[in-house]
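Spelled out from the first residue to the last, the chains are:
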Protein chains: 2
Amino acid sequence: MSTEANNNEKSKKEGHGAVILHNPNVKEADADVLYHFALNTESHNFKDMFGDVKFVCVGGSPRRMGHFANFIMKELHYQLPAGQALTNIAKATDRYALYKIGPVLAASHGMGIPSVSIMLHEIIKLLFHAGAKDVLFFRIGTCGGLGLEAGTVVVTEQPVDGLLRPQMDMQILGKVVTREAKLDPDLCEELVSCASIHDTFNTIKGKTMCTMDFYEGQARLDGAICEYTEEEKAEFLQKCYNNGIRNIEMESLCFAAMCHQANIKGAVACVTLLDRLKEDQIDVSEKTLKSWDERPAHLVARLIKNRLNIA
Amino acid sequence: MSTEANNNEKSKKEGHGAVILHNPNVKEADADVLYHFALNTESHNFKDMFGDVKFVCVGGSPRRMGHFANFIMKELHYQLPAGQALTNIAKATDRYALYKIGPVLAASHGMGIPSVSIMLHEIIKLLFHAGAKDVLFFRIGTCGGLGLEAGTVVVTEQPVDGLLRPQMDMQILGKVVTREAKLDPDLCEELVSCASIHDTFNTIKGKTMCTMDFYEGQARLDGAICEYTEEEKAEFLQKCYNNGIRNIEMESLCFAAMCHQANIKGAVACVTLLDRLKEDQIDVSEKTLKSWDERPAHLVARLIKNRLNIA
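What you see is a predicted model, and the numbers here were worked out from it, not measured in a lab.

Asker: Honestly, the relation of the copies chain B and chain A in this entry has me stumped. Any pointers?
Answerer: Relating one copy of the chain to the other requires a rotation about an axis plus a shift along that axis. In the superposition of chain B on chain A (RMSD 0.0 Å, axial shift 0.0 Å), the rotation amounts to 180°. As the rotation angle and translation indicate, the two copies are arranged about a two-fold axis. Looking at chain B, 100% of its interface residues are interface residues in chain A too, so the copies touch through the same face.

See below:
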């Protein structure tokens with residue numbers, strides 16, 4: 001711990017902005033297998049492959065992240081040589097998808113905290129081995145909204161767990177360990193400011209409830225198991241709303257906690273697919289869903305272009 | 001609750017073996033969207049499609065479950081007409097993959113409890129709407145072993161959480177709810193008895209620790225974050241071993257708790273990819289991995305063939 005704390009302090013002092021591992025066991029030069037991305041420091045040159053990464057964009061669905069990779073390529077006017085196309089760097093596995101578009105890395109993370117946790121452990125190690133510096137992380141996802149028109153984008157100010165606490169409880173070596181789930185407030189503001197008055201949708205800030213389950217954990221009445229009444233559901237969701245919670249999803253708490261620990265600035269933008277104060281079932285046409293999916297991507301693309309001075 | 005309890009009692013008395021929803025809000029005739037499988041009772045006839053399902057086999061990776069579907073098709077001597085091939089029923093989404101081979105349904109569930117929970121909610125509702133009866137569930141997966149030669153198959157007697165408790169704690173409507181995580185002991189024995197003296201691997205019974213994270217949750221030293229020493233890790237894993245835990249994975253607790261609540265007999269068989277008392281990194285060749293992956297599938301195939309009287 002003291003070595004790691006020293007490295008942390010040293011890195012901050014030198015203004016490196018380097019990705020920090022809170023783990024003195026992993027050395028930059030060590031052989032390391034990123035099993036769930038089918039990458040290995042002995043068979044891949046991480047510095048060459050990923051040393052220039054400045055933005056990591058993650059989302060649940062591998063297909064959606066493939067679309068995002070092609071979208072951001074156009075936005076950045078990034079030209080591939082004739083006869084070349086983007087390809088999934090992690091295609092030897094199907095646990096996650098991974099794309100690289102210049103300084104942007106795009107990865108899928110599946111559904112839920114355990115799944116996003118594995119992805120973040122391995123992507124943070126990837127950036128560490130690559131020597132990447134000043135990297136920003138964005139989660140772009142879908143969610144249920146609270147008291148919002150479906151299609152609204154919520155940028156997370158503070159994630160909370162299912163007991164409405166701004167922390168992530170973990171079970172480590174047989175004990176409960178609590179971690180702060182903190183996002184960077186400036187990056188949150190910067191992302192919200194990327195909304196345009198010409199947008200056909202609203203972008204707002206709010207607290208985000210992050211749950212371990214889509215049905216009972218999110219107070220749905222339509223799961224295979226439901227042991228509460230419609231009234232109890234409505235009361236709980238209203239309580240969430242009164243607490244400033246504007247959307248519900250399944251990854252932001254872990255994303256915030258791990259970015260915070262790794263000294264990485266992160267932000268979360270999710271589009272609401274329905275208003276949970278009114279309904280439980282997502283029944284949106286494929287076409288609508290596709291266009292809504294792109295909304296958080298548009299915000300993040302604008303931020304990246306601003307940072308890179310691309311018109 | 002009383003309606004549901006009555007239905008439960010009634011179903012048991014009548015010996016239906018029907019899949020039971022612990023949710024009085026969902027009626028068999030209701031329109032229902034299974035969002036993460038891109039299936040809908042209004043656009044699909046569940047009774048025709050799934051009414052004859054007797055075995056549900058699930059595993060993390062969609063690719064592996066595609067291989068399993070083709071494997072079980074051969075094992076059951078199930079012939080497709082010329083010019084036809086198995087296809088992913090859920091291909092309109094990429095959240096999960098779903099295959100049907102006669103009485104066998106094969107689905108992927110991604111990684112971790114939240115991901116397997118969504119899949120189980122929707123598969124249990126699918127079977128309920130389909131009117132399927134006497135259905136057995138199997139999880140076939142990969143895991144870390146404790147004190148076992150890599151490649152050994154562990155059939156779970158009892159899953160425990162990261163605090164070594166045989167229960168699943170959930171956060172529902174802002175409160176902690178505890179569920180029993182019980183598997184069917186007879187089905188466990190039946191699956192173990194499907195091991196053959198001609199197998200090139202060992203099959204054993206044991207407790208399974210189910211964690212929320214692959215790195216810190218499983219006492220690995222090689223994550224992006226690690227706040228314990230090698231000695232503390234070794235002490236914890238030895239304590240697990242002394243408690244009868246023989247393998248570590250990320251879904252069995254939820255699988256057991258949800259099967260138990262839905263009156264479904266379930267069993268879990270996972271192949272160990274490494275011995276966690278010796279190492280942290282999975283560095284097995286693709287070829288070896290593929291052959292190990294098939295070991296739990298072979299056991300389950302034998303059980304299904306015994307049940308169906310197929311030689």
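Asker: Would you take a moment to explain the state of the cysteines for this structure?
Answerer: All names here are of chain B. Inspection of the entire model under this criterion finds zero disulfides over all chains. Free cysteine: Cys57, not disulfide-bonded; nearest cysteine sulfur from Cys259 at 12 Å. You can call Cys57 buried: its relative accessible area is 0%. Free cysteine: Cys226, not disulfide-bonded; nearest cysteine sulfur from Cys240 at 15 Å.

Asker: Help me understand the interface of chain B and chain A, please; the structure alone is not making it clear to me.
Answerer: Often the size quoted for an interface is simply the accessible area lost on bringing the parts together. At the interface, 74 residues of chain B touch 74 residues of chain A. Across the chain B/chain A interface, buried area totals approximately 6400 Å², and carbon plus sulfur atoms make up 55% of it. Summed over the shared surface of chain B and chain A, the number is four salt bridges. The closest approach of N and O atoms between Arg179 of chain A and Glu216 of chain B, which form a salt bridge, is 2.6 Å. Our count for the chain B to chain A interface comes out at 36 residue pairs in polar contact (both at pLDDT 80 or more). Those elements that provide at least two residues to the side of chain B that touches chain A are helix 3 (62-75), helix 4 (113-130), strand 8 (167-172), strand 9 (175-180), helix 6 (230-242) and helix 7 (252-261) of chain B. Taken together, the residues that form the side of chain B that touches chain A break down as 35 nonpolar, 20 polar and 19 charged.

Asker: Just checking my understanding: could you explain the UniProt feature "binding site: substrate" (unreviewed entry) in chain A for this structure?
Answerer: All names here are of chain A. Here, the residues flagged by UniProt with the feature "binding site: substrate" (unreviewed entry) are Gln218 and Arg220. Considering the arrangement of structural elements, one finds Gln218 in the loop between strand 10 (203-210) and helix 6 (230-242). Dropping the residues within four chain positions of it, Gln218 is found in contact with Thr211, Asp213, Leu237, Ile248, Glu249, Met250 and Arg276. For Arg220, the position within the fold is in the loop between strand 10 and helix 6. Residue classification places Arg220 among the buried positions, given a relative accessible area of 1%.

Asker: Could you clarify how one ought to interpret the side chain of Asp280 of chain A in this entry?
Answerer: Residues and elements named next belong to chain A. Among the structural elements, Asp280 can be located in the loop between strand 12 (265-275) and helix 8 (286-308). In this structure the side chain of Asp280 is engaged in a polar contact, spanning 2.7 Å, whose partner is the side chain of Lys233. Apart from residues lying up to four places away in sequence, Asp280 is in contact with Ala219, Arg220, Leu221, Asp222, Lys233 and Leu274.

Asker: Could you clarify how one ought to interpret the packing of aromatic side chains in this entry?
Answerer: The geometry of an aromatic ring pair comes down to the distance between the two centres and the angle between the two planes. All names here are of chain A. This model, assessed by the stated rule, comprises eight aromatic pairs over all chains. Considering the side-chain rings of Phe46 and Phe50, the 5.9 Å spacing of their centres and the 90° angle between planes classify their relative orientation as edge-to-face. Of this pair, Phe46 and Phe50 both sit in helix 2 (residues 46-50), four residues apart, which is roughly one turn of the helix. Pair check on accessibility: Phe46 and Phe50 agree, each one buried. Sitting above the plane of the Phe214 ring, Arg220 keeps its charged end 3.7 Å from the centroid. Above the plane of the ring of Tyr241 lies Arg246, whose end atom (NZ or CZ) is 3.7 Å from the centre.

Asker: Help me out: how do you make sense of the UniProt feature "binding site: phosphate" (unreviewed entry) in chain A in this one?
Answerer: All names here are of chain A. The UniProt record annotates "binding site: phosphate" (unreviewed entry) at Arg95, Arg139, Ile140, Gly141 and Thr142. Turning to its location among the elements, Arg95 is positioned in the loop between helix 3 (62-75) and strand 4 (98-101). Thr142 sits in the buried class, given a relative accessible area of 18%.

Cut-offs used in this document
- Residues numbered from 1 in each chain as written.
- Chains lettered and ligands numbered in written order.
- Predicted model: local features only at pLDDT ≥ 70, side-chain atom pairs only at ≥ 80, totals over all residues.
- Heavy atoms only, no water.
- Least-squares fit on C-alpha atoms with pLDDT ≥ 70 in both.
- Contact = heavy atoms within 4.5 Å.
- Disulfide = S-S within 2.5 Å.
- Buried < 20%, exposed > 50% of the residue type's maximum accessible area, 1.4 Å probe, protein only.
- Buried area = accessible area lost by both parts, 1.4 Å probe.
- Salt bridge = Lys/Arg side-chain N within 4 Å of Asp/Glu carboxyl O.
- Polar contact = N/O pair within 3.5 Å; in protein donor to acceptor, adjacent residues only side chain to side chain.
- Helix = DSSP H or I, 4+ residues; strand = E, 2+ residues; numbered from the N terminus.
- Nonpolar A, V, L, I, M, F, W, Y, C, P; charged D, E, K, R; others polar.
- UniProt positions renumbered as here; feature names shortened; annotations may be inferred.
- Phe/Tyr/Trp six-rings, centres within 6.5 Å; stacked < 30°, edge-to-face > 60°.
- Lys NZ or Arg CZ within 6 Å of the ring centre and 35° of its normal.

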